Amino acid sequence: MAYDGTLKFDTKLDSSGFRNGLSKLGGLAVSGVKTAVAAVSAAGAALGAAGTAAVKFGTDYQQTSNQLQASTGATKKEMEGLSEAMKNVYADNFGESLDDVAQSIGEVRKQMGNLDGEEIQNLTEDAIILRDTFEYDVSESVRAANTIVKNFGGDGQQAFNLIAQGAQNGLDYSGELLDSISEYSVQFAKVGLDATDMFNIFQAGMDNGAFNLDKIGDAVKEFSIRAVDGSKSTAEGFALIGLSADEMAAKFAAGGEEAEEAFYQVIAGLREMEDPVEQNLAGVDL
């Protein structure tokens, strides 16, 4: 049965046991009776308040569901999964309010497509964790995670895990981690690298003093362009590290494992050069 947001409490308190107990305790002090009656009255009031809160929650839930459907364009059938995800995320104590949860779910749905309810729930919770831990805007972290999935494959949770690990390792030192992922993932993929390679290269660049992640991403972007452009400077760069420009261009054009192997051939060739002047020339050429 679909959950409609209504919480039901039984607000009828069975007082028969309490009354029978009093009849057996004829010597009970008046003050004790007053205390007992006050306790029962308080319990009844609390249950009444809970019932009122349930009605309000049900109303808020329905309104928020309607807003979520309007913002995503989800069908009635699709809303069953989205509404269930919203209920579960909120029940798991994520988000500041139902509306906050709904907006986060909306971002996941709009950017990552019509996933099933459980996937939507998990990704929404991941995005909220990143927001609450690293102050990442939900829409930006979802965009970065979706870019990873589109360019490298895998699933959204793996993408969020990589982002979280990168942030924990200090990769957002220049405040550009999410933007760099979103902008440069496609460039890393062009030269056959996967998501883990990208984060490792970001890490190596940071560890070796790169001013910001954008410089690292841009270097890979420029290389992905030059590796296949057939220009004189590119051919000279490959020649300086003992590689054939035509062969390397063919490997990079093939993509996948061939491109990945070629990329690391270039890195190894640059690293092994003994003359720092020629090493710099080759690096600039490529």
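As a reminder, the structure under discussion sits directly above these lines.
As the structure is a prediction and not an experimental result, all values here were calculated from the model.

Enquirer: Could you clarify how one ought to interpret the nonpolar core in this entry?
Expert: A general tendency of soluble globular proteins is for nonpolar side chains to be buried together. Ranked by size, the top nonpolar core spans 65 residues in total, and within it Ile163, Phe188, Phe199, Ile241, Phe252 and Val266 carry the most contacts. Valine 266 has contacts with Phe223, Phe238, Ile241, Leu243, Met248, Phe252 and Leu286, leaving out every residue within four places of it along the chain.

Enquirer: When you look at the packing of aromatic side chains in this model, what are you seeing that I'm missing?
Expert: The geometry of an aromatic ring pair is captured by the separation of the ring centres together with the interplanar angle, meaning the angle of the planes. By the definition in use, this model includes five aromatic pairs. On the numbers, 5.9 Å between centres and 70° between planes, the contact of phenylalanine 223 with phenylalanine 263 is edge-to-face. Of the two residues, phenylalanine 223 sits in helix 10 (residues 213–226) while phenylalanine 263 sits in helix 13 (residues 256–272), which places them 40 residues apart along the sequence. The pair formed by phenylalanine 223 and phenylalanine 263 is uniform in burial state, with each residue classed as buried. Put simply, the rings of Phe223, Phe252, Phe263 and Tyr264 pair up and form one aromatic cluster.

Enquirer: What exactly am I supposed to notice about the packing of helix 8 (residues 177–190) against helix 9 (residues 195–207) here?
Expert: Each pair of packed helices can be summarised by the angle the axes make with each other and by the distance between the axes. Where helix 8 contacts helix 9, the axes come no closer than 11 Å and their chain directions differ by 120°. As the angle between them shows, helix 8 and helix 9 are arranged oblique. Crossing of helix 8 over helix 9 shows right-handed handedness. On helix 9, the residues that touch Leu177, Ser180, Ile181, Ser185 and Phe188 of helix 8 are Met198, Phe199, Ile201 and Phe202. In terms of residue class, the contact of helix 8 with helix 9 is built from seven nonpolar, two polar and no charged.

Enquirer: Just checking my understanding: could you explain helix 8 for this structure?
Expert: Residues spaced three or four apart along an α-helix face the same direction, because each turn holds 3.6 residues. Its 14 residues give helix 8 an end-to-end C-alpha distance of 20 Å, which sits within 8% of 20 Å, the value for a rise of 1.5 Å per residue. Residues Leu177, Leu178, Ser180, Ile181, Ser182, Tyr184, Ser185, Gln187 and Phe188 constitute the buried set of helix 8. Glycine 192 lies just past helix 8 and shows a positive phi near 80°.

Enquirer: Explain unusual backbone geometry here, please?
Expert: Most peptide bonds take the trans configuration, and most residues that are not glycine carry a negative phi. Phi at asparagine 93 takes a positive value of approximately 70°, unusual for a residue other than glycine. Within the secondary structure, asparagine 93 sits in the loop between helix 3 (76–91) and helix 4 (98–112). Backbone geometry places glutamate 135, a non-glycine residue, at a positive phi of 65°. Along the chain, glutamate 135 falls in the loop between helix 5 (117–134) and helix 6 (138–152). Among the residues examined, glutamate 135 registers a relative accessible area of 73% and is labelled exposed.

Enquirer: Any chance you could explain the environment of aspartate 275 here in plain terms?
Expert: With respect to the secondary-structure elements, aspartate 275 resides in the loop between helix 13 and helix 14 (276–285). Given a relative accessible area of 37%, aspartate 275 falls into the partly exposed group. A polar contact of 2.8 Å, which involves the side chain of aspartate 275, links it to the backbone nitrogen of valine 277.

Enquirer: Just to check I follow, could you spell out helix 10 for this structure?
Expert: Given a rise of 1.5 Å per residue, 14 residues ought to cover 20 Å, and the 20 Å separating the end C-alpha atoms of helix 10 matches this to within 8%. Listed in full, the buried residues belonging to helix 10 are Leu213, Ile216, Gly217, Val220, Phe223 and Ser224. Taken around the axis of helix 10, the buried residues stretch over an arc of 125°, which confines them to a single face. Structurally, helix 10 contributes buried residues whose contacts are with helix 8, helix 9, helix 12 (245–254) and helix 13.

Enquirer: Please explain the side chain of threonine 72 as it appears in this structure.
Expert: Within the secondary structure, threonine 72 sits in helix 2 (residues 30–72). Given the relative accessible area of 14%, threonine 72 is considered buried. Of the polar contacts made by the side chain of threonine 72, one reaches the backbone nitrogen of alanine 74; its length is 3.3 Å. Those residues in contact with threonine 72, other than ones at most four positions away along the chain, are Leu82, Gly106, Arg109 and Lys110.

Enquirer: Could you clarify how one ought to interpret a negative patch on the surface in this entry?
Expert: A cluster of acidic residues, Asp116, Glu118, Glu119 and Asp155, forms a negative patch at the surface. Position of aspartate 155 relative to the elements: it lies in the loop between helix 6 and helix 7 (156–168). Judged by relative accessible area, which is 38%, aspartate 155 ranks as partly exposed.

Criteria and thresholds
Residues numbered from 1 in each chain as written. Predicted model: local features only at pLDDT ≥ 70, side-chain atom pairs only at ≥ 80, totals over all residues. Heavy atoms only, no water. Core = buried A, V, L, I, M, F, W, Y, C linked by side-chain atoms within 4.5 Å. Buried < 20%, exposed > 50% of the residue type's maximum accessible area, 1.4 Å probe, protein only. Contact = heavy atoms within 4.5 Å. Phe/Tyr/Trp six-rings, centres within 6.5 Å; stacked < 30°, edge-to-face > 60°. Helix = DSSP H or I, 4+ residues; strand = E, 2+ residues; numbered from the N terminus. Axes fitted to C-alpha atoms, helices over the stretch in contact; angles between N-to-C directions. Parallel < 35°, antiparallel > 145°, perpendicular 65-115°, else oblique. Left-handed = near helix turned anticlockwise from the far one by under 90°. Nonpolar A, V, L, I, M, F, W, Y, C, P; charged D, E, K, R; others polar. Expected span 1.5 Å × (residues − 1). Polar contact = N/O pair within 3.5 Å; in protein donor to acceptor, adjacent residues only side chain to side chain. Arc of directions from axis to C-beta. Patch = residues over 30% accessible without salt bridge, like charges linked within 9 Å, V, L, I, M, F, W, Y side chains within 5 Å. Areas by Shrake-Rupley, 256 points an atom, 1.4 Å probe, with all protein chains shown as cover. Salt bridge = Lys/Arg side-chain N within 4 Å of Asp/Glu carboxyl O. Lys, Arg positive; Asp, Glu negative; His and termini not counted. Charge placed at Lys NZ, Arg CZ, Asp CG, Glu CD.

By themselves, these observations are geometric and do not establish any function.
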